[in-house]
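# Descriptive analysis of the structure
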Amino acid sequence: TLGSGELTVSAEGTATAGMKAKLELRGEHMHASFDGTAGISQEGANAKGAVQLSTDDIEPWLMTTGMSFPGIGFGLPVELTAQADYASNLLVLGGIEGALGEVAIAGDLNANLEQGLPHLTGALVIDQFTLDPFAATVLGADALAGEGGNWSKTPFSDKVSLPFVADIDLSAATLSAGTLDLFDATLGLRLDEDGLRIEGLKAGLAGGVLTGQAALK
């Protein structure tokens with residue numbers, strides 16, 4: 001549950017000329033802030049400044065937006081800072097630094113909303129990344145939930161369940177897929193209504209180098 005929260009907003013100046021703006025949201029075990037400038041132009045609202053997010057568990061906040069994905073429900077602490085630039089329905093997060101749980105993450109990410117879905121592009125460097133939740137959006141979480149080393153009897157889903165659309169270049173110290181671990185991996189991650197694609201994969205495996213691409217549809 002989210003519990004109660006407190007939103008504090010301060011602004012100095014005019015919306016058309018641009019305002020110095022500060023926003024702070026505090027809730028139970030959560031703190032988010034923005035410090036920069038904001039305004040309104042003919043293209044709509046715009047804002048630019050430093051953002052910070054700290055929470056013991058981001059998942060309840062994500063679920064209030066209607067976003068859900070396989071694996072949700074176990075809790076995900078988040079500590080992130082970035083420089084944000086929003087205009088014309090596009091949010092650019094530059095210089096991201098922080099951690100998702102105990103996993104360090106850095107990079108740049110762009111986000112916009114198209115047909116009711118977040119579209120994410122950019123490049124991220126992350127300590128550990130697992131492909132399992134992305135495979136579950138394509139094949140179905142229940143279809144991958146076998147026990148005792150046995151395949152699940154649930155058939156694969158015939159429709160991709162998208163939490164978002166993604167086109168992201170990744171560098172991961174450890175890349176996991178099921179029981180397979182790859183090291184020092186670079187790849188392009190593409191997730192859309194056509195399925196999951198891994199492009200330009202290069203990673204260490206068993207003392208050698210694995211290269212290639214893969215697709216789940």
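What you are looking at is a predicted structure, and each value in this text was computed from that prediction instead of being measured.

## Some details on the overall build of the protein chain
Check the secondary structure of the protein chain and you find two helices and 12 strands. When the helices and strands of the protein chain are read in sequence order from the N terminus, they spell out β-β-β-β-α-β-β-β-β-α-β-β-β-β. Across the protein chain, the fraction of contacts at a sequence separation of at least 24, relative to all contacts at a separation of at least 6, is 34%. If you sum the accessible surface of the protein chain, you get close to 13,100 Å²; carbon and sulfur atoms cover 56% of it.

## Section: the packing of aromatic side chains
Under the definition given, this model contains two aromatic pairs. What links up through ring pairs into an aromatic cluster is the set F129, F134 and F164.

## Some thoughts on the pairing of strand β8 (residues 117–130)
Bridging between strand β7 (residues 103–114) and β8 involves 10 bridges; their strand directions are antiparallel. By the bridge assignment for β8, I105 is matched with I126. Counting the residues that bridge the hairpin from β7 to β8 gives two residues, and of these Q115 lies at a positive phi of roughly 50°. As paired strands, β8 and strand β9 (residues 165–177) are joined by 11 bridges and run parallel to one another. The residue of β9 that forms the bridge with H119 is V165.

## Quick word on the nonpolar core
Ranked by internal contacts, the top residues of the largest apolar core, which has 31 residues, are F129, L175, L189 and L191. At the level of elements, β7, β8, α2 (132–139), β9, β10 (180–192) and β11 (195–205) are the ones that each hand at least two residues to this core. It is β9 that contributes the most residues to this core, six residues altogether. For L189, the contacting residues outside a window of four places in its chain are F129, L131, F134, A166, D167, I168, L170, L196, R197 and I198.

Analysis parameters
- Along each chain, residue indices are assigned from 1 in the same order as the chain's sequence is written.
- With pLDDT at 70 or above as the cut-off, local features in this predicted model cover only qualifying residues; side-chain atom pairs require 80 or more to be listed or tallied, and sums for whole chains, interfaces and linings still use all residues.
- Processing note: side-chain calculations cover all non-hydrogen atoms of the structure and skip hydrogens and water entirely.
- Helical segments are the DSSP runs of H or I of at least four residues, strand segments are the runs of E of at least two, and each set is numbered from the N terminus.
- We call two residues contacting when some pair of their heavy atoms lies within 4.5 Å.
- We get accessible surface area from the Shrake-Rupley algorithm with a probe of 1.4 Å; when it comes to residues, only the shown protein chains can shield them.
- Only the six-membered ring of Trp is used, alongside the rings of Phe and Tyr, when aromatic pairs are assigned; centres must lie within 6.5 Å, and planes under 30 degrees apart are stacked while those over 60 apart are edge-to-face, with the rest tilted.
- Strands are labelled as partners when DSSP assigns at least two bridges between them.
- What is meant by a nonpolar core is a set of buried Ala, Val, Leu, Ile, Met, Phe, Trp, Tyr and Cys residues, joined one to another through side-chain atoms within 4.5 Å.
- Type-normalised accessible area, obtained with a 1.4 Å probe on protein chains alone, sets the label of each residue: buried when under 20%, exposed when over 50%, and partly exposed for intermediate values.

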